[in-house]
Amino acid sequence: MGLRTFPGGVHPHDEKHYSKDSAIEELPLPKKVVIPISQHIGAPSQPIVKKGDEVKTGQIISEANGFVSIPMHASITGKVTKIGKFYHPNGSMAQAIEITGNGEDDWIELSEEKEIDSLTADEIKSRIAEAGICGMGGAGFPTHVKLSPPKDKFIDTVILNGVECEPYLTADYRLMLERSKDIIQGLKLLMKTVSAKQGIIGIEANKPDAIEIFEKLLKNENNLKAIPLKLKYPQGAEKQLIYATTKRSVPNKGGLPMDVNVVVQNVGTTIAVLEAVKYRKPLIDRIITVSGRIVKNPKNIKARIGTYFSDLLEFAGGTTEEIGKVISGGPMMGFAISTLETPMAKTSSGLLLFDQKLAQKEAERICLRCGRCVDICPMNLVPSLIAHNVKHEDWEMAEKYGVMDCMKCGSCAYVCPSHIKLIQWIDIGKIKVSAQKK
Amino acid sequence: MKDVFAVSAPPHLKQKISVESVMWQVVLALMPALLMGIFFFGFQSLLLTLYSVLAAVLTEAIIQKFRKVPITIKDGSAVVTGILVAFNINVASPWWLPVAGSVFAIAIGKQVFGGLGFNIFNPALLGRAFLVASWPTLTTAGWTRTTPLWNSFKSSINGLQNLPNNVPEVITSATPLSVVKALRDTTQISRDMAETVMNNVASFPTIREIFWGNIGGVIGEVSALALLIGAAYLAWKHIIEWRIPVSYIGTVFVLIYIFGGINGLFSASLLLPVFHIFSGGLILGAFFMATDMVTSPVTKKGRLIFGIGCGILTVVIRLVGGYPEGVSYSILLMNIAVPLIDKYTVPKIFGEVKA
C-alpha cells in the first residue's frame, strides 16, 4: 500500500475495462444540437440569438450574465431552430438553444498564437472566460472564477485532477494517455496565471500507464510532479484530492480550495484552457465515455456540446439488451435521465447504459443503525442521523450532523444495507436548511 | 421520444448488502459456537436452540400479523435473537425456558417498540434478563452438567495440595467465574489461601480449557475460540467493527488487573484479567451483543464510550455486585445511554472550523 489517500471512502468495482482501451474517436458532425443556457454553477447565460439566426461553429450565442457565469457558443454551423425548454443532462427541463446543422463545419476565425508566454495573467483569464470554460469533471464551476482569488488569498499549488474515481468513466484517462504534453503545458499555464510555485497531477493507482507517462515527462521538472493515489472512491472529490496530495484540509462551512492556497482543475478542463488561450477556441466539444455492459462498442468520444445522447449511443453501436437505466455522468453522482433525447453538456463526462438488473430498485428499509455510513463518510458526517432528522423535520439536528457539508458523493447510500436513499434525504435537508437560513 | 426510462436518485451502484445478508451472516457466525455447544453438552443444545429460534420467529410473525405490518421473519433478525437467547441458557434447562425467553425477547424486547431498528434494548439480553428474574434457580444454578473434561477441571482444583477441607465446597457446582467470585467473598478460608486458589483457577491450563470451551457454562458461551472465529468472520465482512469489542474487552482487562486481586490494588496476576476475558459471557457479549447495530451508538467515538461503559459495569458487577457475571446487565444498561451518547459524540467534520 503506502499510496496517499484520504480517510473514509468505499471500493466499488471500477468497471473501466469496458472502455479504457478505446482511443478517443471523434463523432461525425451531429445534425442537431441543443445547448442549455445553464451548464455551470452560477447565473445562467443570456441568449443573444433568436430563432432563425444563422450561426457559425464557435460563435457566441448566449452571453455570460455577471462574473460567476459563462457564455455558450454554437457547437455546429447552421440555424437556430428553437429557443425553449429541453431536457437537461441533470434530469430536469431547462431553457436551451436548438441549432439545426447545415452539414458544414464553418468555424469562426481562430487565432493561432505561438507566443502565449508573453500573455499576462489577466489576459489569460479573460480568454478563459470568453471561451466559456467551466469545471469539466462534473461540478461545472466557472474556471476563470476559480483562477481569480481575492487579494487577501494567494495560491501556491495547482493540482490537476486525473483521478477519475467514478466507475466506468475513462475520458480523462484517455486524455492523459493521448495528450499528456498538452496537459503539462496547460498546467504550466494555470500555474503562471495564479503565480503558483508547484504543480501536482493526482492520478489513481488503477491507471499505472498514465502515472508512468507523467512520471517520465516530469522527471526533469523540479516543481511539477505526478502523485499516484490509492484506488478509492471518492478520491477525485476536490477536498479529498487536496488532502491526499498536500495534507491540507479545506475548511468546512463553505471553505474553498483557495483557503488552503490551492487551485484544482480537471485534466479535461486544463486542455480546454490551453486551447482557449492558444487558439482562442471556445469550449464547444469534450470527451465523453459511453459505456456499460450492454453497450455494443463502449467508446471514448470527442463530441460537440449539445449532441443528443441518442447520437452518441448510436455511434457506440447501440445496446445488446433492453435498457434499464440511462445515466448522465458517473454511476455514483450522475443523474438518471428519462430519455436519450437529452443533450450532453460541458460537464458531461459519461453516458452509461445499465441493464434491467442493474436498474432494479430496492425498497427502502428501516435504518439498522449499523453505522457503516458513518465509518466510510469521507466528510466524517453522520449520514444515517442526517436522514433520520430530515425525515422528522428536525433541521437543527440535521445541520448538526453535517447536512450542509455533504458533497453528495453517495458512498453512504452505496454501503447501506437498508437501501436508504440517503442522498435523496440529504438533498431535501440541504434545501430546507438553506431556506431556513434566508 | 420513443423510450422513457425510470429515474432514481444517485448513486446508481450499490454494494451487495442487505438487512437479510447482514442478519444471516450473523447467524452463520454463531454456528461455530453452536457446534462447540453440541460437542461439549450434547444434542440437547441443538434442540434447545431450535425451540428458541422457532419461538422467536413465530412470535415475530404473529405479532406482525396482528400489527398489520409486513411479516419480515425472512430477514433473519428473529433467528439471531432466538439463537442468542438459547446461547444464554444452561443445557439442563427444560424446553420451555428458551421458548419463554424468546417470546419475551421478541414481543417485549422488539415488537413493542415497533420492530427491528426501533428497539432500545438488545432483545436477546432482555429475554435473558427476564429468565434470570423469573426463574433464578433454573437459570443460574445447576451449571455442573458433567462432561469428562469438566470433571478434570474440578479435580485439578481439588487436587491442590494442603487445602483445608472446606475449599472444595466453595468451588463446587460453579462456573469458573463464580469460583472466583466466591473466593473474593469467602470468609471460610484465609485471604492468602484464597489468593493461592484463585491463582490456580486463573492459571494457564484453566484459561486454555476455557478458551477451547472445555468448561461449565451456558450453551453459547462455552468456547471462546468458536466465538472468536465467528467474530473474525463478521469483522472481515465489515458487519461488526473493532471499536466496541476492543474498548469493552480492553476496559475489563485493565480494571481487573487493577482491582481484581484479593489483596488490594494491582495484586492480581496478569493471568487473572485474561481469565476474566475468556470466562463467562464476555466474548459472546462483546462481539455479538454489544455490537448489535440497533442498540449501539452509530458514531465512532460513541462506540468507544459505549464499550468502555460496558467494561466498567461488567467489572463492577463481577467484583462487587451480587452476581458472578455482569455482561448482560452491563450491555442492557449501556443500551439505555445510546441516544445520549450519539447526541454528544457528533464527529468533527472534515476540515471543521470553529464557528
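What counts, and at which threshold
- Residues numbered from 1 in each chain as written.
- Chains lettered and ligands numbered in written order.
- Predicted model: local features only at pLDDT ≥ 70, side-chain atom pairs only at ≥ 80, totals over all residues.
- Heavy atoms only, no water.
- Helix = DSSP H or I, 4+ residues; strand = E, 2+ residues; numbered from the N terminus.
- Rg over C-alpha atoms; globule rule 2.2 N^0.38 Å.
- Contact = heavy atoms within 4.5 Å.
- Areas by Shrake-Rupley, 256 points an atom, 1.4 Å probe, with all protein chains shown as cover.
- Lys, Arg positive; Asp, Glu negative; His and termini not counted.
- Charge placed at Lys NZ, Arg CZ, Asp CG, Glu CD.
- Domains from an automatic or database assignment.
- Buried area = accessible area lost by both parts, 1.4 Å probe.
- Salt bridge = Lys/Arg side-chain N within 4 Å of Asp/Glu carboxyl O.
- Polar contact = N/O pair within 3.5 Å; in protein donor to acceptor, adjacent residues only side chain to side chain.
- Nonpolar A, V, L, I, M, F, W, Y, C, P; charged D, E, K, R; others polar.
- Phe/Tyr/Trp six-rings, centres within 6.5 Å; stacked < 30°, edge-to-face > 60°.
- Buried < 20%, exposed > 50% of the residue type's maximum accessible area, 1.4 Å probe, protein only.
- Lys NZ or Arg CZ within 6 Å of the ring centre and 35° of its normal.

Before going further, it helps to spend a moment on the overall build of chain A. Helix and strand content of chain A: 13 helices and 17 strands. In terms of overall dimensions, chain A is globule-like: its C-alpha atoms have a radius of gyration of 21 Å, near the 22 Å expected for 438 residues. In terms of overall dimensions, chain A has C-alpha extents of about 60 × 50 × 45 Å along its principal axes. The contacts of chain A with a sequence gap of at least 6 include a subset with a gap of at least 24, amounting to 73%. Of the accessible surface of chain A, which amounts to about 17300 Å², a share of 51% is contributed by carbon and sulfur atoms. Mean positive and mean negative side-chain charge positions of chain A (57 and 51 charges, respectively) differ by 4 Å.

It is worth spelling out the domain arrangement of chain A at this point. All names here are of chain A. Here chain A is described as being made up of domain 1 (1-24 + 109-360) and domain 2 (372-437). Taken together, the contacts link 16 residues of domain 1 with 12 residues of domain 2. Carbon and sulfur atoms make up 60% of the area that domain 1 and domain 2 hide from each other, which totals about 990 Å². At the surface where domain 1 touches domain 2, the tally comes to zero salt bridges. Run the count over domain 1 and domain 2 and you get five residue pairs in polar contact (both at pLDDT 80 or more). When grouped by side-chain class, the residues that make up the side of domain 1 that touches domain 2 number nine nonpolar, five polar and two charged.

Turning to the packing of aromatic side chains, a few remarks are in order. Using the criterion set out here, one finds 10 aromatic pairs over all chains in the structure. Ring centres 5.6 Å apart and planes at 45° place the aromatic pair Tyr168(A) and Phe354(A) in the tilted group. In this pair, Tyr168(A) is assigned in the loop between β9 (157-162) and α3 (171-178) and Phe354(A) in strand β17 (residues 350-355), connecting sequence segments 186 residues apart. With a relative accessible area of 3%, Tyr168(A) lands in the buried category. A relative accessible area of 0% means that Phe354(A) is categorised as buried. With 5.9 Å between their ring centres and 90° between their planes, Phe130(B) and Trp135(B) make a pair best called edge-to-face. When its relative accessible area of 24% is taken as the criterion, Phe130(B) is described as partly exposed. Through a chain of ring-to-ring contacts, the aromatic side chains of Trp96(B), Phe104(B), Phe130(B) and Trp135(B) assemble into a single cluster. The lysine or arginine in question, Lys232(A), covers the ring of Phe6(A), its NZ or CZ lying 4.4 Å from the ring centre. The ring centre of Trp236(B) lies 4.6 Å from the NZ or CZ of Lys237(B), which sits over that ring.

With that settled, consider the interface of chain A and chain B. In this complex, chain A contributes 62 residues to the contact, which on the side of chain B involves 47 residues. Among the residues chain A hides against chain B, the three largest losses belong to Leu368(A), Arg369(A) and Arg372(A). Together they make up 15% of the total. The interface formed by chain A and chain B includes four salt bridges. Note that Arg303(B) and Asp375(A) form a salt bridge whose closest N and O atoms lie 2.8 Å from each other. Inspection of the chain A/chain B interface yields 25 residue pairs in polar contact (both at pLDDT 80 or more). Taken together, the elements giving at least two residues each to the side of chain A that touches chain B come down to α6 (238-246), β15 (323-328), β16 (335-337), α9 (372-376), α10 (383-391), α11 (395-400), α12 (411-415) and α13 (422-437) of chain A. Considering each element in turn, the side of chain A that touches chain B owes the most residues, four residues, to β15(A). Residue composition of the side of chain A that touches chain B, by class: 36 nonpolar, 15 polar and 11 charged.

Once that is clear, we can look at the pattern of salt bridges. A pair can form between side chains of opposite charge whenever their charged atoms are brought close. Residue and element names in this part refer to chain A. Counting across every chain of the model gives 28 salt bridges over all chains. A salt bridge links Lys-32 to Glu-98, with the shortest nitrogen-to-oxygen separation between them at 3.8 Å. On the criterion of sequence distance, the pair formed by Lys-32 in strand β2 (residues 32-36) and Glu-98 in strand β8 (residues 93-101) is long-range, its members being 66 residues apart. Of the residues examined, Lys-32 reaches a relative accessible area of 32% and is grouped as partly exposed. In this structure, Asp-355 and Arg-293 form a salt bridge, with 2.6 Å as the shortest nitrogen-oxygen distance. You can see Asp-355 sitting in strand β17 and its partner Arg-293 sitting in the loop between β13 (285-291) and β14 (299-304), a full 62 residues away along the chain. One salt-bridge network, in which partners are shared between bridges, spans Arg-179, Asp-182, Glu-275, Lys-281 and Asp-285.

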